[in-house]
Amino acid sequence: IENTKENKISLQQFIINQINVEFDRDLSAVGIAFTDYLHPSGWMLTSLEQISKEINVDVSILNIVLQKLKGLEPIGIFAQSLSDCLKIQLQDKGLYNESFNTLLNNLDLLTKGKIRQLSKMCNVDNNKIIEMVNFVKTLNPKPAESFLEQELNISQPDVIVSKTIRGWKIDLNKSIFI
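A few words on helix 9 (residues 115-122). Within the sequence span of helix 9, burial applies to Leu-118, Ser-119 and Cys-122. For helix 9, the angular spread of buried residues about the axis comes to 105°, placing them on one side. Projecting away from the buried face of helix 9 at angles above 90 degrees are the exposed residues Arg-116 and Lys-120. Those residues of helix 9 hidden inside the fold are in contact with helix 7 (98-104), helix 8 (107-111) and helix 10 (126-137). Once helix 9 finishes, Asn-123 follows within two positions and takes phi at roughly 60°, a positive value.

Moving on: the pairing of strand 1 (residues 159-164). Looking at chain direction, strand 1 and strand 2 (residues 167-172) are connected through six bridges and run antiparallel. Its bridge partner being in strand 2, Val-159 is matched across the sheet by Leu-172. The turn joining strand 1 and strand 2, which pair antiparallel and follow one another in sequence, is formed by two residues.

Note on placement: Ser-52 falls in helix 4 (residues 48-55). Beyond its immediate stretch of four places on either side in the chain, Ser-52 contacts Val-57, Asp-58, Val-59 and Leu-62.

Moving on, we get to the pattern of salt bridges. Side-chain pairs of opposite charge can arise whenever the charged atoms involved come near each other. Inspection of every chain in the model, using the stated rule, returns two salt bridges. The partner of Glu-131 in a salt bridge is Lys-128, with the nearest N and O atoms 3.5 Å apart. With Glu-131 and Lys-128 both in helix 10, this residue pair falls three residues apart, about one helical turn. Owing to a relative accessible area of 37%, Lys-128 belongs among the partly exposed residues under this scheme.

Another point: helix 4. Every buried residue of helix 4 is listed here: Leu-48, Ile-51 and Ser-52. End-on, the buried residues of helix 4 take up no more than an arc of 105°, which puts them together on one face. On its buried face, helix 4 sits against helix 3 (25-34) and helix 5 (59-69). One or two positions beyond helix 4, positive phi appears at Asn-56, with a value near 60°.

What follows covers unusual backbone geometry. Each neighbour pair has its own omega, and for Glu-73 with Pro-74 the value is -10°, a cis peptide bond. Within the element layout of this structure, Pro-74 appears in the loop between helix 5 and helix 6 (82-92). Its identity as a non-glycine residue notwithstanding, Asn-56 has a phi of 60°, on the positive side. Tracing the backbone through its elements, the reader meets Asn-56 in the loop between helix 4 and helix 5.

Here the focus is the environment of Leu-90. As for its position among the elements, Leu-90 is in helix 6. Setting aside chain neighbours within four positions, we find Leu-90 in contact with Leu-95, Tyr-96, Phe-100, Leu-104, Phe-135 and Leu-139.

Here we take up a nonpolar patch on the surface. On the surface, Val-159, Val-161, Trp-168, Ile-170 and Leu-172 cluster together into a nonpolar patch covering about 570 Å² of accessible area. When contributions to the nonpolar patch are tallied by element, the ones reaching two or more residues are strand 1 and strand 2. In terms of residues, the nonpolar patch owes the most to one element, strand 2, which gives three residues. Its relative accessible area of 63% is what places Trp-168 among the exposed residues.

Scanning the entire structure with this criterion turns up two aromatic pairs. Ring centres of Phe-14 and Phe-147 lie 5.1 Å apart, and the angle between their planes is 40°; on these two criteria the pair is classed as tilted. A residue pair is termed long-range when its members are at least 10 positions apart, and Phe-14 in helix 2 (residues 11-22) and Phe-147 in the loop between helix 10 and strand 1 qualify at 133 residues. We classify Phe-147 as buried; its relative accessible area is 10%. For the pair Phe-34 and Phe-78, a centre-to-centre distance of 6.4 Å together with 85° between the ring planes defines the contact as edge-to-face. You can see Phe-34 sitting in helix 3 and its partner Phe-78 sitting in the loop between helix 5 and helix 6, a full 44 residues away along the chain. Owing to a relative accessible area of 0%, Phe-78 belongs among the buried residues under this scheme. Here the basic side chain of Lys-68 rests over the ring of Phe-23, its NZ or CZ set 4.9 Å away from the ring centre.

Rules of the game
- Residues numbered from 1 in each chain as written.
- Predicted model: local features only at pLDDT ≥ 70, side-chain atom pairs only at ≥ 80, totals over all residues.
- Heavy atoms only, no water.
- Buried < 20%, exposed > 50% of the residue type's maximum accessible area, 1.4 Å probe, protein only.
- Helix = DSSP H or I, 4+ residues; strand = E, 2+ residues; numbered from the N terminus.
- Arc of directions from axis to C-beta.
- Contact = heavy atoms within 4.5 Å.
- Pairing = 2+ DSSP bridges.
- Salt bridge = Lys/Arg side-chain N within 4 Å of Asp/Glu carboxyl O.
- Patch = residues over 30% accessible without salt bridge, like charges linked within 9 Å, V, L, I, M, F, W, Y side chains within 5 Å.
- Areas by Shrake-Rupley, 256 points an atom, 1.4 Å probe, with all protein chains shown as cover.
- Phe/Tyr/Trp six-rings, centres within 6.5 Å; stacked < 30°, edge-to-face > 60°.
- Lys NZ or Arg CZ within 6 Å of the ring centre and 35° of its normal.

Below you can see the structure in the form of structure tokens.
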């Protein structure tokens, strides 16, 4: 991934290169179509039903392709939620188990600081749940962020257009001339 960033390859091209190697011909076109729906975080936020309507492919085929896409680099790409993204990464490391499943399905309790309740639900002691939480914190919730260019630097506009009772009004932005 670091080399691709230096060579300025886009996330989409990086994914397409993997699809061309990993997928058979029938599914590669569908996989490539998925890249158009990939959120900058690396998540897949568009529903399969919507994609099905837009590209005219059955949802069952889309689901098969999506599962294959979730196995590509960077790990966690094409996840459909935060817990899904973390689950993919834990599976890749061979650490995913029932306790982690319970933890990931109850991330809201973690944000509320309910460690004891999580500990009971995960069937582990307090020290183990803290260890699990600390490990989850090392995972990448936005697997595509390494492909993002520099932060956008949005400059001040030269003119400001606003709607008034009398119609549209155009003013120079005096703050940029100071």
